[in-house]
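Coordinate inspection notes
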Amino acid sequence: MTTPHTPVEHLDVLVVGAGISGIGAGRYLTTEPPQKSFAILEARTASGGTWDLFRYPGIRSDSDLHTFGYEFKPWRDEQSIADAPRILAYLRETITENGLDERIRYSHRVLSAAWSTPEARWLVDVERTDTGQRLQLSAGWLFCAGGYYRYDEGFTPVFPGRERFGGPVVHPQAWPEDLQYAGRRVLVIGSGATAVTLVPALAETAAHVTMLQRTPSYVMPVPRTDVLAQKLTALFGEERGFALTRRKNIARGTGIWRFCQKHPRAARKLIRWVTSKQLPAGYPVDVHFNPPYDPWDQRLCAVPDGDLFRAIRNGTAEVVTDRIETFTETGVRLVSGRELEADLVVTATGLNVQAIGGIALTVDGQPVHLPDTVAYKGMMLSGVPNLVLAIGYTNSSWTLKIGLLCEHFCRLLAHLDAHGQDVAVPRPSDPDMPTRPLLDFAAGYVQRAVDQLPRQGDRVPWLTSTSYATDVELLRAGSVTDPELHLSRAATAATVTA
């Protein structure tokens, strides 16, 4: 721990997390005015966040990389729905091209941060995960870029009799490098994006793969390669072709989401029709691929080139919709009485949500209770000065929101500098404003943690937009000032609401 006689290193901005959001933030802080001192702290020993952490077979994006990638860096790979190694290479290219290697400090986990209004800075407690050493840093701003789930463990429900099972039980978030599944019977529990990714990848060499789900999900085949993107690049060149493809894909994604929201019955019928065409004649589509909720109440699962359906057609994989009564020595027994034998069980049962990386925040000695805060423009928290929360979209590519948020943040820093100010704190003018969950999403991993997360209001700037077009107006074209964002100078603490 830093002693009173040891100077504490001060940075203008401390970015927490070296994943896709933190790397993007670092690039904007490097290239956009004003130039600020900053560092990126990463608790793990490598960059890339999710794309380095997850090692399970077949891991890939479920968004196209022309929109999931950065606006400032064209996606050059032929795969539009890309696997993790390609995404990781892209992210690390971004680090090197923007001189961020020297900015990232690995094995640095942020434990807590204390804001001091008189000093207009955060005092941040950090643990070296490699040595156990504790140290402190000082920062004018915290940029929390760690996403919204825990990196140290995934979610696994309590399964009766699990201890009886004789084989390994693994969660995809902690996939062992030496796990053998070739020639074995594999049971994958779950129906979300991870499960539909795992099943066809495992089915390539496993003896047989069963996907066991309690409730069906919407699963849609999408082309792994964007043929039109390749044609646009050939016609207009890499930069312009990428820009046009990005616009096309944003428009397409927005259109699909709006159609599902406005015409859920028609969307359900269309998805069912597409799904049925992918499956063998007579397949019980309504049992296994017709959810009880409307499209986009939860995220649609994309399968590149219909690989999940191909595995089902080939007979190397099957889907079972039922509930587990108990694990047995050789597999699981279902509520229906059916027994599923397995040599290996994979619990693709979701994530544990955790906001701001679990950092304990205090403002002038008072603990910050996240559920008591309201998100401002989807990027700051009420009553918490000089903190940015980087949360992307749940209904389209995550990074679309992150890019706009980083632009807005840099413009806010420039405005503060121009006016001799150094503190920005959002405060709702109406303390009785109705609120709802920040992640207004029906997915189980969100619902389990809804009472631990910040909230959003029912009006701008407290309403968290899920629309890229709306956020372009708000975050890119709109003013960085707002009557409910209070700006001040530390020396005088004179509040300005320009």
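Up top you'll find the structure we're talking about.
Read on for a plain summary of the structure. (Residues numbered from 1 in each chain as written. Predicted model: local features only at pLDDT ≥ 70, side-chain atom pairs only at ≥ 80, totals over all residues. Heavy atoms only, no water.)

Taken in spatial order, the three strands of this open sheet run E14-E15-E16, and their pairing is antiparallel. The strands lining the two open edges of the sheet, one partner per strand, are strand E14 (324-328) and strand E16 (339-341). Adjacent strand axes in the sheet meet at a mean angle of 20 degrees when their direction is disregarded. (Pairing = 2+ DSSP bridges. Helix = DSSP H or I, 4+ residues; strand = E, 2+ residues; numbered from the N terminus. Axes fitted to C-alpha atoms, helices over the stretch in contact; angles between N-to-C directions.)

Within the sequence span of helix H13 (residues 468-477), burial applies to Tyr 468, Asp 471, Val 472, Leu 474 and Leu 475. Packing partners of the buried residues in H13 comprise helix H7 (238-262) and helix H11 (398-418). Two or three places before Ala 469, at the opening of H13, Ser 467 has a side-chain oxygen 3.4 Å from that residue's backbone nitrogen. (Buried < 20%, exposed > 50% of the residue type's maximum accessible area, 1.4 Å probe, protein only. Contact = heavy atoms within 4.5 Å. Polar contact = N/O pair within 3.5 Å; in protein donor to acceptor, adjacent residues only side chain to side chain.)

On to the sheet that holds strand E10 (residues 208-213), then. Pairing is parallel across the open sheet formed by five strands, whose spatial order is E8-E17-E9-E10-E13. This sheet does not close on itself; its edge strands, each paired only once, are strand E8 (169-170) and strand E13 (317-321). Relative to strand E17 (residues 344-347), strand E9 (residues 185-189) is paired through four bridges, and the arrangement is parallel. Its bridge partner lying in E17, Val 188 is registered against Val 346. Those strands touched by helix H5 (residues 193-203) are E9, E10, E13 and E17, and its axis lies near 165 degrees from that of E10.

Our next topic: the packing of H7 against helix H8 (residues 264-278). Look at H7 against H8: their axes get within 5 Å of each other, and the N-to-C directions meet at 115 degrees. When H7 is examined against H8, the residues Phe 259, Cys 260, Gln 261 and Lys 262 are found in contact with a partner set consisting of Pro 264, Ala 266, Ala 267 and Leu 270. A per-class count over the contact of H7 with H8 returns six nonpolar, one polar and one charged. (Nonpolar A, V, L, I, M, F, W, Y, C, P; charged D, E, K, R; others polar.)

Quick look at the pattern of salt bridges now. Applying the stated criterion across every chain, the model contains 29 salt bridges. A salt bridge links Lys 73 to Glu 93; the shortest N-O distance between them is 2.9 Å. With Lys 73 in the loop between helix H3 (65-68) and helix H4 (84-97) and Glu 93 in helix H4, this pair connects stretches of sequence that are 20 residues apart. Assessed through its relative accessible area of 39%, Glu 93 is described here as partly exposed. (Salt bridge = Lys/Arg side-chain N within 4 Å of Asp/Glu carboxyl O.)

What follows concerns empty space enclosed by the protein. The gaps left among the atoms become clear once a water-sized probe is rolled over them. Counting across every chain of the model gives two cavities of 30 Å³ or more. Quantified by volume, the largest cavity comes out at close to 70 Å³. Elements supplying a minimum of two residues to the lining of the largest cavity: H11 and H13. If you tally residues by element for the lining of the largest cavity, the top one is H11, at five residues. Class assignment of the residues belonging to the lining of the largest cavity gives a composition of five nonpolar, two polar and four charged. The calculated volume of the second largest cavity comes to roughly 30 Å³. Lining the second largest cavity are Tyr 148, Ala 355, Ile 391, Leu 438, Leu 439, Leu 453 and Pro 454. (1 Å grid on protein atoms, 1.4 Å probe; cavity = no way out; pocket = protein on both sides within 12 Å on 5 of 7 lines; lining within 4 Å. Points joined across faces, edges and corners; volume = space filled by probe spheres on them.)

What follows concerns the nonpolar core. Core analysis: the largest hydrophobic core is formed by 131 residues, its most contacted members being Trp 122, Trp 141, Phe 143 and Phe 289. Here this core takes 11 residues from H11, the largest share from any one element. Core analysis: the second largest hydrophobic core is formed by 13 residues, Leu 212, Phe 327, Ala 342 and Val 345 among them. (Core = buried A, V, L, I, M, F, W, Y, C linked by side-chain atoms within 4.5 Å.)

What follows is about the packing of aromatic side chains. Throughout the structure, instances matching the rule amount to 19 aromatic pairs. When the centroid spacing of 6.0 Å and the interplanar angle of 25 degrees are considered together, the rings of Phe 54 and Tyr 149 count as stacked. Of this pair, Phe 54 sits in the loop between helix H2 (50-53) and H3 while Tyr 149 sits in strand E7 (residues 149-154); the two residues are 95 residues apart in sequence, bridging distant segments of the chain. Among the residues examined, Phe 54 registers a relative accessible area of 10% and is labelled buried. Both rings, one in Trp 141 and one in Phe 409, keep their centres 5.2 Å apart while their planes meet at 65 degrees; by these two values the pair is edge-to-face. With Trp 141 in strand E6 (residues 134-144) and Phe 409 in helix H11, this pair connects stretches of sequence that are 268 residues apart. For the pair Trp 141 and Phe 409, one class covers both residues: buried. (Phe/Tyr/Trp six-rings, centres within 6.5 Å; stacked < 30°, edge-to-face > 60°.)

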